[in-house]
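Breakdown of the fold
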Amino acid sequence: DVKVTQSSRYLVKRTGEKVFLECVQDMDHENMFWYRQDPGLGLRLIYFSYDVKMKEKGDIPEGYSVSREKKERFSLILESASTNQTSMYLCASSLARRFYQPQHFGDGTRLSIL
Amino acid sequence: AQSVTQLDSQVPVFEEAPVELRCNYSSSVSVYLFWYVQYPNQGLQLLLKYLSGSTLVKGINGFEAEFNKSQTSFHLRKPSVHISDTAEYFCAARGANNLFFGTGTRLTVIP
């Protein structure tokens, strides 16, 4: 069965720290995505990647970077965490460049920045 | 302009009653449309999708949605809800490179 695994369900960090959120998928999907989810705002795309070492900015990339060194792993990096980055972060993956294919989601990481 | 609009942020409904969750999309997105469900403390799961063909799409857990091109709508329906349907529901549409999501509708089923 399809599996997208996010390394942490809950994470608490301090302002100014460098934060890594990890995501691994076992479906050999080319596309991977990072979203943040906030009440009343739905899901907003931070970054996505359609191949190893490739990345594209989404709607809200400021304050974030990503890394995709292997096909199955897509990391989200908060270079210097701030309190306004407290949120639920969701990773997703999908097949190839066929963006009509459904995305498969992990269970999310609830990140709190103090 | 908002690409995908979910007009109702919260919908309370009694158990075994019918429910409709509304979704409208703008002409700036393609007509590849999706409904996802998010149960508490979980990620999103695909309920159903419309890519082409029949405008009535059946999904999992007894849900269905109807694509209406003239009204640019893709409303989600279930004839009789269960307590376990309490969750947040997201409508989504394909953009150039990714999906555009609506802001979500929280469905609460009341015993």
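The structure we're discussing is the one just above.
Residues numbered from 1 in each chain as written. Chains lettered and ligands numbered in written order. Predicted model: local features only at pLDDT ≥ 70, side-chain atom pairs only at ≥ 80, totals over all residues. Heavy atoms only, no water.

This paragraph deals with the packing of aromatic side chains. Residues and elements named next belong to chain A. Here the structure, examined in full by the defined rule, presents 13 aromatic pairs over all chains. A ring pair is formed by Phe33 and Phe48, whose centres lie 6.0 Å apart and whose planes are at 25°; its orientation type is stacked. Of this pair, Phe33 sits in strand β4 (residues 31–38) while Phe48 sits in strand β5 (residues 42–49), and the two are 15 residues apart along the sequence. The same class applies to Phe33 as to Phe48, namely buried. (Phe/Tyr/Trp six-rings, centres within 6.5 Å; stacked < 30°, edge-to-face > 60°. Helix = DSSP H or I, 4+ residues; strand = E, 2+ residues; numbered from the N terminus. Buried < 20%, exposed > 50% of the residue type's maximum accessible area, 1.4 Å probe, protein only.)

What follows is about the sheet that holds strand β7 (residues 64–70) of chain A. The strands making up a sheet are joined through hydrogen bonds of the backbone, oriented either antiparallel or parallel. Residue and element names in this part refer to chain A. Here we have 4 strands laid out as an open sheet, ordered β1-β3-β8-β7, and antiparallel in their pairing. Whereas interior strands pair on both sides, the edge strands pair on one side only; in this sheet they are β1 (4–6) and β7. Taking the axes of each pair of neighbouring strands and ignoring which way they run, one obtains an average angle of 20° across the sheet. Where strand β3 (residues 19–25) meets strand β8 (residues 73–78), 6 bridges bridge the pair, whose relative direction is antiparallel. Bridge pairing in β8 places Leu21 opposite Leu76. (Pairing = 2+ DSSP bridges. Axes fitted to C-alpha atoms, helices over the stretch in contact; angles between N-to-C directions.)

Let us look at the pairing of strand β9 (residues 73–78) of chain B. All names here are of chain B. Counting buried positions along β9 gives 5 out of 6 residues, so the element sits mostly inside the fold. When strand β3 (residues 19–21) meets β9, the two strands line up antiparallel, connected through 3 bridges. Each bridged residue has a counterpart across the sheet, and for Val19 the counterpart in β9 is Lys78. Here 5 bridges tie strand β8 (residues 64–68) to β9, and the two strands are oriented antiparallel to one another. Bridging across to β9, Glu66 finds its partner in His75. Connecting the antiparallel pair β8 and β9 is a turn made up of 4 residues, with Thr72 showing a positive phi of about 45°.

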